[in-house]
Amino acid sequence: MNLCVVGLQWGDEGKGKVVDILSEHSDIVVRYSGGSNAGHTVVVGDTRFALHLLPSGSVRWLGLPAREDLAKMAKPQCCVIANAVVVDPEVLINEIETIANKGITLKERLFISENAHLVLDYHKKEDQLREDSLGKNKIGTTIRGIGPCYADKAGRSHAVRMGDLRNLNKLKMKLQAIVDYKNKVFTAVYPQEALRLNAEPISADDILEKCKSYADKFGPFITDTTRFLHESIGDGKSILFEGAQGTLLDLDHGTFPYVTSSNSSALGMPAGSGVPAKFVDKFIGVAKAYTTRVGAGPFPTEQDNDIGQYIRDRGHEYGTTTGRPRRCGWFDAVAVSYAVRIGAIDELALMHLDTLAGLSEVKICTAYNQKTENRRQKTEVPSPPSVFRPPSSVVTWFPANIDRLSQAQAIYETVPGWDQDLTEVKDFHKLPSNAQNYIFRIEKVTGRPITIIGVGPKRSQTIFRQ
Ligand code: GDP
Ligand code: IMO
Ligand code: MG
């Protein structure tokens, strides 16, 4: 069976944990979007793994005793970094070496798409300079060079792909042209920021030297992953697709411009891997039992108050990649239902139910009060008497457009909370009845069954329902 796991909120929903659990039954785990902006945490026993580029299925390798022969492992046998992932080579080398240091060889186990793009030093510099220049209007990116790398991919002439590492002479000429251009742009467009950051001009020779070492390190893994995946499907292998970020951060369908630069919803899976969605048997959407967001942008259910702090403290809501405190708020069923609809999500995994324990009541946002903009006032046409104009209207379809989203006021349904600690509960029927009712209510408002419930960070702290 082929599965796709995708985030339904603004990222950090707990995808890593869900992928790790499901990977036990998969032959191949595939990352298909984003880059090292992702931080996927998997906790096995007392060990915590934080992955940025390798699919979370690789934790099954990391968790092996040293020098264990991978061939003895039933599943997963392989991890794939597919075409739409933007790879920061330094981060990937780090992750590969962590595995290699355990004496585990990844040959024939790890496949990196020849079409995946490289995040190079100038991308990270550009991300930093641009964010710095935006002042209070910054997006709040992870400064991992993601936006600039995807922009170069779309622009084509300044892009470097994994496959380019096969021909270093050709790459040398390409890099010289790119670096000349970037240095000119940086000094012309960001002179003050460059001075403040003490930024030196970028050297094409330095980058080429690094690329030589990347070619050595990644050479054995670079291949046509689209072909590999189609052949594997033909051989009856089971594939698990691992989404990064979340639906509301999708470049086209999220809260633009406060999004990432890739299609991080389920819609990104086919283009991101070369495998059509019709080959996926089940799309599993991951959401937290509340909502979090890192970086700027509208967030209708945000609780910038004691409730938000309570959730942040109990859920350890600090970014895996940047360490930034995550903004916290109530579960937003309008947003999650939208993500369910555009992702054709079959089932939900609801994580962090344990975190909400101790609250006397819990809220679910089921609609928005959308203030209607009185456009007529801006024109010469006189407005009708106010008695004929509704001051606001209630919407249940998520307005991804940020002008409308920033006007949206959450309408809540309040349900009773529970005090009991849930972290040792293994069976749905052993959950306090108020926690069970909370699950039923979310199923009702999103229209999808919740088949996986997280009650703690460990693999073992998971309740399965059919
Ligand atoms: P991802 O980016 O979607 O993989 O999520 P992150 O790893 O960035 O953030 C999720 C955090 O929540 C991690 O620290 C996980 O270990 C932790 N986590 C996952 N599921 C649960 C859960 O059900 N309860 C609690 N308390 N923590 C969880
Ligand atoms: P995972 O896979 C949460 C957010 C950043 C910022 C915006 C743009 O761990 O869920 P970028 O660096 O991508 O240009 O930043 O997107 N962001 C994430 N937030 N989880 C993530 O990944 C994220 N990846 C990017 O905080 O608001
Ligand atoms: Mg994360």
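Right above here is the structure, for reference.
Residues numbered from 1 in each chain as written. Chains lettered and ligands numbered in written order. Predicted model: local features only at pLDDT ≥ 70, side-chain atom pairs only at ≥ 80, totals over all residues. Heavy atoms only, no water.

Details of the site of ligand 2
Part 1: Around ligand 2, a shell composed of 20 residues is seen, among which Asp12, Lys15, His40, Thr142 and Thr260 lie nearest.
Part 2: Between ligand 2 and Val294, the relevant distance is 3.0 Å, taken from an oxygen atom to a main-chain nitrogen or oxygen of the residue.
Part 3: Across the complex, the protein chains shield 98% of the 550 Å² of accessible surface that ligand 2 would expose by itself.
Part 4: For the shell around ligand 2, a count of residues per class yields seven nonpolar, 10 polar and three charged. (Near = heavy atom within 4 Å. Polar contact = N/O pair within 3.5 Å; in protein donor to acceptor, adjacent residues only side chain to side chain. Areas by Shrake-Rupley, 256 points an atom, 1.4 Å probe, with all protein chains shown as cover. Nonpolar A, V, L, I, M, F, W, Y, C, P; charged D, E, K, R; others polar.)

Topic: the site of ligand 1
Part 1: If you check the shell around ligand 1, you find 20 residues, and the closest are Lys15, Gly39, Thr41, His352 and Asp354.
Part 2: In the model, an oxygen atom of ligand 1 is placed 2.8 Å from a nitrogen or oxygen of the His352 side chain.
Part 3: Gly454 is positioned with one of its backbone polar atoms (N or O) 3.3 Å from an oxygen atom of ligand 1.
Part 4: Within the complex, 93% of the 580 Å² of free accessible area of ligand 1 lies under protein.
Part 5: Those elements that place two or more of their residues in the shell around ligand 1 are helix H1 (15–22) and strand S3 (40–44). (Helix = DSSP H or I, 4+ residues; strand = E, 2+ residues; numbered from the N terminus.)

Here's the deal with the side chain of Lys182
Part 1: Along the polypeptide, Lys182 turns up in helix H6 (residues 168–189).
Part 2: At a separation of 2.9 Å, a polar atom in the side chain of Lys182 contacts the side chain of Asp152.
Part 3: Residues contacting Lys182, with those up to four places away along its chain left out, are Tyr122, Glu126 and Asp152. (Contact = heavy atoms within 4.5 Å.)

Notes on the packing of aromatic side chains
Part 1: According to the stated counting rule, one finds eight aromatic pairs in the structure shown.
Part 2: Centre to centre, the rings of Trp418 and Tyr438 are 5.8 Å apart; their planes meet at 50 degrees, and the pair counts as tilted. Taken together, the residues Trp418 in the loop between strand S18 (408–416) and helix H14 (433–446) and Tyr438 in helix H14 connect sequence positions 20 residues apart.
Part 3: Residue Tyr438 is classed as buried on the basis of its relative accessible area, which comes to 1%.
Part 4: Between Phe428 and Phe440, the ring centres sit 5.6 Å apart and the planes meet at 65 degrees, which makes this aromatic pair edge-to-face. Within this pair, whereas Phe428 is found in the loop between S18 and H14, its partner Phe440 is found in helix H14, the two being separated by 12 residues in sequence.
Part 5: Judged by its relative accessible area of 37%, Phe440 falls in the partly exposed class.
Part 6: Connected via pairs of aromatic rings, a cluster forms that spans Tyr338, Tyr368, Trp397 and Phe398.
Part 7: In this arrangement the basic side chain of Arg465 is found over the ring face of Phe428, its NZ or CZ atom lying 4.0 Å from the centre. (Phe/Tyr/Trp six-rings, centres within 6.5 Å; stacked < 30°, edge-to-face > 60°. Buried < 20%, exposed > 50% of the residue type's maximum accessible area, 1.4 Å probe, protein only. Lys NZ or Arg CZ within 6 Å of the ring centre and 35° of its normal.)

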